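For reference, the chains in residue letters:
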Amino acid sequence: MASLHPPSLVCTTCPCFFAFFSFFNYGHILSLLSVVTSHAVLVAVLAALSGLQDRGTGGLGNGWVVLIACVVLVGLFALQHRGTHRVAFVFAPIVVLWLLSIGVIGLYNIIHWNPRVCLALSPHYIVKFFKITGRDGWISLGGVLLAVTGTEAMFADLGHFTAASIRLAFVGVIYPCLVLQYMGQAAFLSKNMSDVHDSFYLSIPRTVFWPMFVLASLAAIVGSQSIISATFSIVKQCLSLGCFPRVKVVHTSRWIYGQIYIPEINWILMVLCLAVTVGFRDINIIGNAYGLACITVMFVTTWLMALVIIFVWKKNILLALSFLVFFGSIEGAYLSASFIKVPQGGWTPIALAFVFMFIMYVWHYGTRRKYLFDLQNKVSMKWILTLGPSLGIVRVPGIGLIYTELVTGVPAIFSHFVTNLPAFHQILVFVCVKSVPVPYVPVDERYLIGRIGPRQYRMYRCIVRYGYKDVQKDDENFENHLVMSIAKFIQMEAEEAASSGSYESSNEGRMAVIHTTDATGTGLIMRDSNEGTSLTRSSKSETLQSLQSIYEQESGGLSRRRVRFQVAEEEQINPQVRDELSDLLEAKEAGVAYIIGHSYVKARKNSNFLKSFAIDYAYSFLRKNCRGPSVTLHIPHISLIEVGMIYYV
């Protein structure tokens, strides 16, 4: 996307500023935040609708424009849950037509009003401008900045298009059309200085005004949609990295990977947009806030990019410093000029940024403290070995999946389970779902399987890895993949033990990447079950089967593929391996239970006021009002067991 806001918002008397800064900004891949999004949507919609004003006696008042803008905003956010795949095919034609139209109109204004405006492309006029205007010229940079804001929307499409395609679109179409439009406005204003308040619409020939108004409104909606979609994507990535409270993520398309919708964020953005629209009622004030938000993101991104050059790309520190000084000095000039706008609406993005930063910091801090508690209070293997293979309790048929955040050791909550539950499952699997700092994890590298304790304990560990852009689909048959992975791990372990000459040797702590795309090498045969399909687990209990049928009916009849595993009789399998595989399959047929600790995190009594407030009030409030782990992990309620435990961090 490109600058889809009608350019009447910007200072158009010096087009060379736009030409100079656009290429500098082009190198930055912006992390669009919710603060920028709310203001970007507002500026786009209000700027497009501003054409309803100042058209002689038939123009609408500011109150009507604000009302229409509120209606458009409500409609825009209300339709987000339907996704964009049904109407996305019209987005590209609208944007291309919009860019070509403003380019042609700009060229017409240059020829009609003042062809000499082309001289303004020379950087000579930048120096001349500052010599003449001095401090006023520096202050005007806050308005010139709005010529660039909006171009960051094109980077929101990096999730759907390649960087090369965006570069080509920017250099070949977007940049020339925008420069022509701003030069055309400058030519128009050189002869009509009294029309500076709405130069874009007033510079349009009256014969094409209404088609351009309709096209501007459609382009504003398309640009707003790209920013909103980018916000959903960024929040989802923050969620995967543990930097944002758990929210509902809905996938709006079955065919296009990555199209998501987050209801909570959508309605928060809508409320923020409506509040700012009704509260300010002035496009200039909202433009000041939007400009400050954008240049702040650009400036911070430049500093972070310098760190990437040093620590990720492993380049010379002098190269990073040169990059930082060159780009940072330019952006710093615009940022300093924008700070003057703080009393004139610029305080809004600063306040919102602090609110979002506080929420993200509190969530990350509380989650981190809880993880460190688990890490420092792991159950010792010596204690588990003293319990014996039965763990000191009755081992009943079935598989118990114990969810934990630890990738090594046994969490403290396991001892809480053992001491409070009268019986435990025959097969225990400690499941850890981790989001790793890479975009995608191949399916064949997703599962890591290991063993905990001696073989007769029948305790395993499974680490399921997702990239921060991976989609955890609801219809993924996790149980079958898990059983296949454990079976393949048992076979691999037996083959290595046979080569070493001792099957009894334990590989405690060792993890192996298990490929789940096929059943070869598992010693199992997988067949479709003849008992039909069901959303929930199979069980030998008639009572549980009845509950499962009721649950399936209440869930809308959704189904998963049910399969039955059998140990391959024709294969030469070690008797001990066969016994372990038989125990695994027997437990699978008996049923699978998901066990999660319902934790309550509290600050220690000797904690200071800030820590007590952050943990006992802020973090507790966020945990109570965000989605539970069982929902985000797609665990069916009928198979869920929750055990309460208090964490004093």
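Preceding block: the structure.
Below you will find a few notes about this structure. (Residues numbered from 1 in each chain as written. Predicted model: local features only at pLDDT ≥ 70, side-chain atom pairs only at ≥ 80, totals over all residues. Heavy atoms only, no water.)

**A word on the pattern of salt bridges**
Under the definition given, this model contains five salt bridges. With its nearest N and O atoms 3.5 Å apart, the salt bridge here joins Glu-493 to Arg-455. Taken together, the positions of Glu-493 in helix α16 (residues 478–500) and Arg-455 in the loop between β5 (447–451) and β6 (459–467) put the pair 38 residues apart, joining distant regions of the chain. For Glu-493, a relative accessible area of 4% gives the class buried. The class of Arg-455 is buried, set by a relative accessible area of 6%. Where Asp-583 meets Arg-458, a salt bridge forms, and the shortest distance between an N and an O atom there is 3.0 Å. (Salt bridge = Lys/Arg side-chain N within 4 Å of Asp/Glu carboxyl O. Helix = DSSP H or I, 4+ residues; strand = E, 2+ residues; numbered from the N terminus. Buried < 20%, exposed > 50% of the residue type's maximum accessible area, 1.4 Å probe, protein only.)

**Some remarks on the environment of Val-72**
Of note, Val-72 is situated in helix α3 (residues 62–78). For Val-72, a relative accessible area of 26% puts it in the partly exposed group.

**As for α3**
The end-to-end C-alpha distance of α3 is 24 Å, a good match for the 24 Å that 17 residues give at a rise of 1.5 Å each. Those residues of α3 lying buried are Val-65, Val-66, Ala-69, Cys-70, Leu-73, Leu-76 and Phe-77. Projected onto a plane normal to the axis of α3, the buried residues spread over an arc of 140° and lie on a single side. With respect to the buried face of α3, the exposed residues turned more than 90 degrees away are Trp-64 and Val-71. (Expected span 1.5 Å × (residues − 1). Arc of directions from axis to C-beta.)

**Points about the state of the cysteines**
Covalent bonding between the sulfur atoms of two cysteines defines a disulfide. Applying the stated rule across the entire model yields zero disulfides. With no disulfide of its own, Cys-273 has Cys-70 as its nearest cysteine by sulfur position, at a separation of 9.9 Å. A relative accessible area of 0% places Cys-273 in the buried class. (Disulfide = S-S within 2.5 Å.)

**Points about the sheet that holds strand β7 (residues 511–514)**
The mixed open sheet is built from seven strands, whose spatial order is β7-β5-β6-β4-β3-β10-β11. Pairing within the sheet leaves two strands with one partner each, and these edge strands are β7 and β11 (640–648). Recorded for the sheet is a direction-independent mean angle of 30° between the axes of neighbouring strands. Relative to β6, β5 is paired through five bridges, and the arrangement is antiparallel. Looking across to β6, one finds that Arg-451 is bridged to Tyr-460. Where helix α13 (residues 347–376) meets the sheet, its contacts fall on β4 (423–436), β10 (592–602) and β11, and the angle it forms with β11 comes to roughly 95°. Running over the sheet, helix α15 (residues 412–420) touches β3 (394–403), β4, β6, β10 and β11 and is turned about 120° from β11. (Pairing = 2+ DSSP bridges. Axes fitted to C-alpha atoms, helices over the stretch in contact; angles between N-to-C directions. Contact = heavy atoms within 4.5 Å.)

**Considerations on the environment of Gly-75**
Mapped onto the elements of the fold, Gly-75 is located in helix α3. The exposure class assigned to Gly-75 is partly exposed, which follows from its relative accessible area of 30%. Sequence separation between Gly-75 and Met-270 is 195 residues, and the spatial gap between their C-alpha atoms is 9.8 Å.

**Digging into the nonpolar core**
Nonpolar side chains in soluble globular proteins generally cluster together in the buried interior. Counting 33 residues, the largest nonpolar core has Ile-399, Leu-401, Val-429 and Phe-478 as the members making the most contacts within it. With eight residues, α16 is the single largest residue contributor to this core. Both domains that furnish three or more residues to this core are identified here as domain 1 (358–377 + 593–648) and domain 2 (394–498 + 509–527 + 574–590). Grouped together as the second largest cluster of nonpolar side chains are 32 residues, Leu-391, Ala-412, Ile-615 and Val-649 included. (Core = buried A, V, L, I, M, F, W, Y, C linked by side-chain atoms within 4.5 Å. Domains from an automatic or database assignment.)

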